[in-house]
Amino acid sequence: MDRREFVRGAALTGAAVASGKAALAQAGGQDAAAIAAPYGAHKTFVGIQLDIGRILEQGVDRVLDDLQRLAHVNALFLYSVTYMEGRVHAHTTGNFRGGNYATVHPQYYKDTILKPEDTRAPEFPTFDVLATVVPSARKRGMKTFCWIIEDNELPRVPNMDKLWEVDLHGRPVTRHPGGPCFTNPNYTNYLLGLVEDYCRSYEVDGIMFGSERMGPLGSALGAYHNGARADPGMACCFCSFCEAKARRTGIDFERVKLGYLALEKYVRAGRAGQRPVDGYFVAYQRVLEQYPEVMVWERFWTSAQHDTYAALHARVKSINPNLQAGWHIWQNSSWNPTYRAEQDFAAMAPYTDYVKPVLYNNCAGERMISYMASVLQNIHGDMTRAELLEYEYKVLNYNEAPLEKLAAVGFSADYVYRETKRTVDSLAGTQTQVWPGIDIDVPTAGGSSKCTPEGVRDAVLGAYKGGAQGVVLSRSYSEMKLENLRGAGVALEQLGLA
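Residues numbered from 1 in each chain as written. Predicted model: local features only at pLDDT ≥ 70, side-chain atom pairs only at ≥ 80, totals over all residues. Heavy atoms only, no water.

Looking at the overall build of the protein chain
Stated precisely, the cut-off is as follows: Counting from the N terminus, the helices are DSSP H or I runs at least four residues long and the strands are E runs at least two residues long. The globule rule is 2.2 Å times the number of residues to the power 0.38, and the radius of gyration it is compared with is taken over C-alpha atoms. Burial classes follow relative accessibility: with a 1.4 Å probe on protein chains only, a residue under 20% of its type's maximum area counts as buried, one over 50% as exposed, and anything between as partly exposed. The criterion used for residue contact is that any of the two residues' heavy atoms lie within 4.5 Å. Working definition of accessibility: Shrake-Rupley area with a 1.4 Å probe, residue cover restricted to the visible protein chains.
Secondary structure assignment for the protein chain yields 20 helices and 10 strands. Relative to a compact globule of 498 residues, whose C-alpha radius of gyration would be 23 Å, the protein chain shows 23 Å and is just as compact. Along the longest, intermediate and shortest principal axes, the C-alpha atoms of the protein chain span 65 × 55 × 45 Å. Counting the 498 residues in the protein chain, one finds 60% classified as buried. The long-range fraction of contacts in the protein chain, counting pairs at least 24 apart against all pairs at least 6 apart in sequence, stands at 78%. Put simply, the protein chain shows about 19,300 Å² of open surface, and 51% of that area lies on carbon and sulfur atoms.

Things to note about the confidence of the model for the protein chain
For the record, the criterion: Confidence scores labelled pLDDT are given residue by residue by the predictor and lie between 0 and 100.
Mean pLDDT over the protein chain stands at 92; residues scoring 70 or higher make up 90%. Note that pLDDT drops below 50 for residues 1-7; the model gives that stretch 7 contacts with residues more than four away or on any other chain. Segment residues 12-29 is flagged for pLDDT under 50; beyond a separation of four residues in sequence, or across chains, it makes 33 contacts in the model.

Focus: the packing of aromatic side chains
Our working rule: Any two rings among Phe, Tyr and Trp, with Trp reduced to its six-membered ring, count as a pair given centres within 6.5 Å; such a pair is stacked if its planes are under 30 degrees apart, edge-to-face if over 60, and tilted if neither.
Overall, the coordinates contain 27 aromatic pairs when judged by the stated rule. Consider the rings of phenylalanine 238 and tryptophan 297, whose centres lie 5.8 Å apart with planes at 25°: the pair is stacked. One end of the pair, phenylalanine 238, is in the loop between helix H8 (216-221) and helix H9 (240-248); the other, tryptophan 297, is in helix H12 (residues 293-319), with 59 residues separating them in the sequence. Both residues of the pair, phenylalanine 238 and tryptophan 297, belong to the buried class. Ring plane angle 70° and centroid distance 5.6 Å describe the contact between tyrosine 398 and phenylalanine 411, whose orientation is recorded as edge-to-face. Of the two residues, tyrosine 398 is situated in the loop between helix H16 (385-396) and helix H17 (403-409) and phenylalanine 411 in the loop between H17 and helix H18 (413-426); the sequence distance between them amounts to 13 residues. One aromatic cluster is present, built from ring pairs that chain together Phe45, Phe77, Phe145, Tyr354 and Trp435.

Some remarks on the packing of helix H15 (residues 361-375) against H16
So the rule is basically this: Between N-to-C directions, angles cover 0 to 180 degrees, with each direction set by a line fitted to C-alpha atoms, over the stretch in contact for helices. Note on terminology: angles under 35 degrees are roughly parallel, angles over 145 are roughly antiparallel, angles of 65 to 115 are roughly perpendicular, and the others are oblique. The handedness criterion is simple: a crossing whose near helix is rotated anticlockwise from the far helix by less than a right angle is left-handed, and one whose near helix is rotated clockwise is right-handed. Nonpolar residues are Ala, Val, Leu, Ile, Met, Phe, Trp, Tyr, Cys and Pro. Charged residues are Asp, Glu, Lys and Arg, and all others, Gly as well, are polar.
Packing of H15 against H16 leaves a shortest axis separation of 11 Å and a crossing angle of 115°. It follows from the interaxial angle that H15 and H16 lie roughly perpendicular. In this structure, H15 meets H16 at a crossing whose hand is right-handed. Contacts from Met368, Ile369, Tyr371, Met372 and Val375 in H15 reach Arg385, Leu388, Leu389, Glu392 and Leu396 in H16. Among the residues forming the contact of H15 with H16, the class breakdown is 8 nonpolar, no polar and 2 charged.

Observations concerning the side chain of threonine 308
Take threonine 308: it is sitting in helix H12. With sequence-adjacent residues up to four places away left out, threonine 308 is seen in contact with Phe182, Thr188 and Leu191.

Describing the pattern of salt bridges
Stated precisely, the cut-off is as follows: The term salt bridge refers to a side-chain nitrogen of Lys or Arg lying within 4 Å of a carboxyl oxygen of Asp or Glu.
All told, the structure shown has 26 salt bridges when counted by the stated rule. Two residues, aspartate 382 and arginine 275, come together in a salt bridge whose shortest N-O distance is 3.2 Å. Taken together, the residues span a long stretch of sequence, with aspartate 382 in the loop between H15 and H16 and arginine 275 in the loop between helix H10 (253-271) and helix H11 (280-290) at a distance of 107 residues. Between glutamate 479 and arginine 475 there is a salt bridge, with the nearest N and O atoms lying 2.4 Å from each other. Among the ionic contacts, a cluster of salt bridges with common partners joins Asp167, Arg171, Asp231, Glu264 and Arg268.

Comments concerning the environment of tyrosine 198
Tracing the chain through its elements places tyrosine 198 in helix H7 (residues 185-201). For tyrosine 198 and cysteine 236, which are 38 residues apart along the polypeptide, the C-alpha to C-alpha distance reads 30 Å. Apart from residues lying up to four places away in sequence, tyrosine 198 is in contact with Ser80, Val81, Asn100, Ala102, Leu130, Cys146, Ile148 and Val204.

Some points on the packing of helix H5 (residues 60-71) against helix H6 (residues 129-139)
The N-to-C vectors of H5 and H6 enclose an angle of 45°; their axes lie 10 Å apart at closest approach. The angle between the axes of H5 and H6 places the two elements in the oblique class. Of the two possible hands of crossing, H5 and H6 adopt the one that is right-handed. Contact with H5, carried on its side by Val60, Asp61 and Leu64, involves Thr132, Val133, Ser136 and Ala137 of H6 and no other residues of that element. Of the residues contributing to the contact of H5 with H6, the split by class is 4 nonpolar, 2 polar and 1 charged.

Let's talk about the pairing of strand S5 (residues 206-210)
Convention followed: Pairing between strands is defined by DSSP: at least two bridges between them are needed. Consider the strands pointing away from the viewer: the crossover is right-handed when the path from the first strand over the helix to the second runs clockwise.
Taking burial as the measure, the 5 residues of S5 include 5 buried ones, the bulk of the element. Side-chain alternation along S5 places Gly206, Met208 and Gly210 on one buried face and Ile207 and Phe209 on a second face that is also buried. The pairing of strand S4 (residues 143-149) with S5 spans 5 bridges and is parallel. Across the sheet, the residue bridging to cysteine 146 is isoleucine 207, located in S5. The parallel pair S4 and S5, bridged by H7, forms a crossover whose chirality is right-handed. Where S5 lies against strand S6 (residues 324-329), 5 bridges are found, and the strand directions are parallel. Considered in S6, the bridge of phenylalanine 209 is made with tryptophan 327.

Points about the nonpolar core
Looking at soluble globular proteins, one finds that nonpolar side chains tend to be buried together. The condition that has to hold: Grouping buried Ala, Val, Leu, Ile, Met, Phe, Trp, Tyr and Cys residues that are joined through side-chain atoms within 4.5 Å yields what is termed a nonpolar core.
In this structure, Leu263, Leu473 and Leu485 are the most contacted members of the largest nonpolar core, which totals 142 residues. The element best represented in this core is H12, accounting for 9 residues. Apart from the residues lying within four places of it in its own chain, the contact partners of leucine 473 are Val46, Gly47, Ile48, Gln49, Ala71, Val73, Ile438, Ile440, Met480, Leu485 and Ala488. The next biggest cluster of nonpolar side chains, apart from the first, holds 11 residues, and it includes Ala75, Phe77, Ile149 and Tyr354.

Here's what the structure looks like:
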């Protein structure tokens, strides 16, 4: 942090504490004492998603010093395996591949066609992120979680293509909305080996797994942000493993394919501006009425994803019951009601120690607009943009900006509060913790909402007003401006949780 950032951060601390009630009113209305009361004098859970970029640049001790000093971080979510160059930042030579940045122990990788040595990242071959970070973190009383997020583009790893989903026409889907198939044992066995390797080989405190994908119905409709150009024929998965499982469980695989072919025809017509005689929504309902197998296959895919969560949780607990396993919940649940319905937190609770719902408020405005641009070409094509936005707000229980201001202002701290409360209420009576993901400098387009220290402060306050037991500062430390990170620390100090 340079001198200007330090002075500004110090000024923010004093100003925020002095105006605490006003800031909390913006976040939802309670005063600091009322929100902090359940926590007493104890620290809350303050995690941060940490890639290796600044560790390589500044060294682990400098990084951990800054995290504790600025934001009272006491838990690290390390990008221990990633194929995304942005998570390694500016330290590659231009021929990036990525992979596992910890030491690979071959004995844990069984019943998969992936060779363990092939999954080790070739960049920085002598660097082990867990061996480097975990001992330093433990000395400081900081927890360490292995952060495993799926990559939606096929990595250049031998045999990885044999794990990937296959679309309606038999083509491998090597980019979003596709990914590795949850029904393919080569993938699930690889994941189980990976978490066992981490949990047995290092003194970590658990894992977080993230899968930013949805089933074939949403993929065909392009019902996610940036989905307006989605190819409805790329709905997946229709691989041999899925077909075999379908036949074993009594699902008519041929009828499933016919249903998705009808859905593909419907979506392509909408993309071409060809309004159905009875309107877009009625035509969509007609496909579902004629081919109920469409929804059966959507449930088939989602169940396989959640079965993988349960298997990962069981494997972690078999190694050490005190370790924690939880899930990063894709922000698509903030605009797609169908996807939200599939994330049934109460049903997930038996195999979930914590959830991290992605509540990135600054980018949410432009992402909502992008999502609407896609579904206005099919299921919601009978509405105007303004009408659809009003519908979304009503169905999802939001009170956000009108369409003409939405990208510029993003979503508010009230969104963070409402979504946190919804998640907490869904998990009432369970032991599952809720640690919302807080937006700190998640990239947005020019003219769209940008992160500020005050905005981060208010988002954190909103999360705690909603009943969160902790927060995860996101998306990646290398993206964050330190003055904005400091905003999280200010909120925790106001609440007496630091």
